[in-house]
Amino acid sequence: HIQERNMAMTAKITASSDGLSGSLAVGANEAFAFKPVGGGLELSQDGITFQTVDTNGKVAFPQNFDKLIGLVVFDGTLTGTNPPISGFGVTSVTRNSTGNYALNLSATYSDNTHIVSAISDAGVVQAPQWIGATTSSITIGNYNQAGAPTDAARIFMTIHRVTS
């Protein structure tokens, strides 16, 4: 299912002796700024740099923005609490109910500012989604095309931190 959205885009570009700088706004709330830095490019939002591109085209993310803390594959059909199939940063996965899982992190953090990307493998389209988090766990749900909670034999996740 593909959802189409029409959004207004506004761009402001300024030329200087250092190169081009400016901003790009998509919709009412998203504003991104870009400016030349050391022959490359720096992208930011709300004054926080989230990506740089050097003169060779190499893309980097500041450590305090994008720190991978977990990569996990687990079997969502198993009941109870089980170790992941493979990965790091997650000690165990608890199946709370059909399609609802708590991932128990191997560390406790000062807040619950985690970024989660997930995909499931069940032979049909499914949509794993972030439900909530604490300082030591993340809860996700996995849903079928009809929007009903469903289990998958393999769920893949990456977990990043926004702050170090």
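Residues numbered from 1 in each chain as written. Predicted model: local features only at pLDDT ≥ 70, side-chain atom pairs only at ≥ 80, totals over all residues. Heavy atoms only, no water.

Colleague: Now, about the pattern of salt bridges: what can you tell me, with residues and values included?
Modeller: Under the criterion given, the structure shown has 2 salt bridges. Close ionic contact of R95 with D151 constitutes a salt bridge, the shortest N to O distance being 2.7 Å. Highlighted residues: R95 in strand β10 (residues 90-97) and D151 in the loop between β14 (137-143) and β15 (154-161), separated in sequence by 56 residues. The salt bridge partner of D111 is R161, with a shortest N-O separation of 2.8 Å. In this pair, D111 sits in the loop between β11 (100-105) and β12 (114-121) while R161 sits in strand β15, placing the two residues 50 residues apart along the sequence. By relative accessible area, which is 25% here, D111 ends up partly exposed. (Salt bridge = Lys/Arg side-chain N within 4 Å of Asp/Glu carboxyl O. Helix = DSSP H or I, 4+ residues; strand = E, 2+ residues; numbered from the N terminus. Buried < 20%, exposed > 50% of the residue type's maximum accessible area, 1.4 Å probe, protein only.)

Colleague: Help me get a handle on a nonpolar patch on the surface, residues and values and all.
Modeller: Taken together, the side chains of L68, L71 and F88 define a hydrophobic patch exposed on the protein surface, amounting to about 260 Å² of accessible area. The topology assignment puts F88 in strand β9 (residues 86-88). Under the relative-accessibility criterion, F88 is labelled partly exposed at 41%. (Patch = residues over 30% accessible without salt bridge, like charges linked within 9 Å, V, L, I, M, F, W, Y side chains within 5 Å. Areas by Shrake-Rupley, 256 points an atom, 1.4 Å probe, with all protein chains shown as cover.)

Colleague: Please set out the sheet that holds strand β13 (residues 127-133) residue by residue, giving values where relevant.
Modeller: Taking strand neighbours across the sheet as the criterion, the 5 strands line up as β8-β10-β11-β14-β13 in an open arrangement whose pairing is antiparallel. The open sheet has two free edges, formed respectively by β8 (80-82) and β13, since each of these has just one partner strand. Recorded for the sheet is a direction-independent mean angle of 25 degrees between the axes of neighbouring strands. The pairing of β10 with β11 spans 6 bridges and is antiparallel. If you follow V93 over to β11, its bridge partner there is L103. (Pairing = 2+ DSSP bridges. Axes fitted to C-alpha atoms, helices over the stretch in contact; angles between N-to-C directions.)

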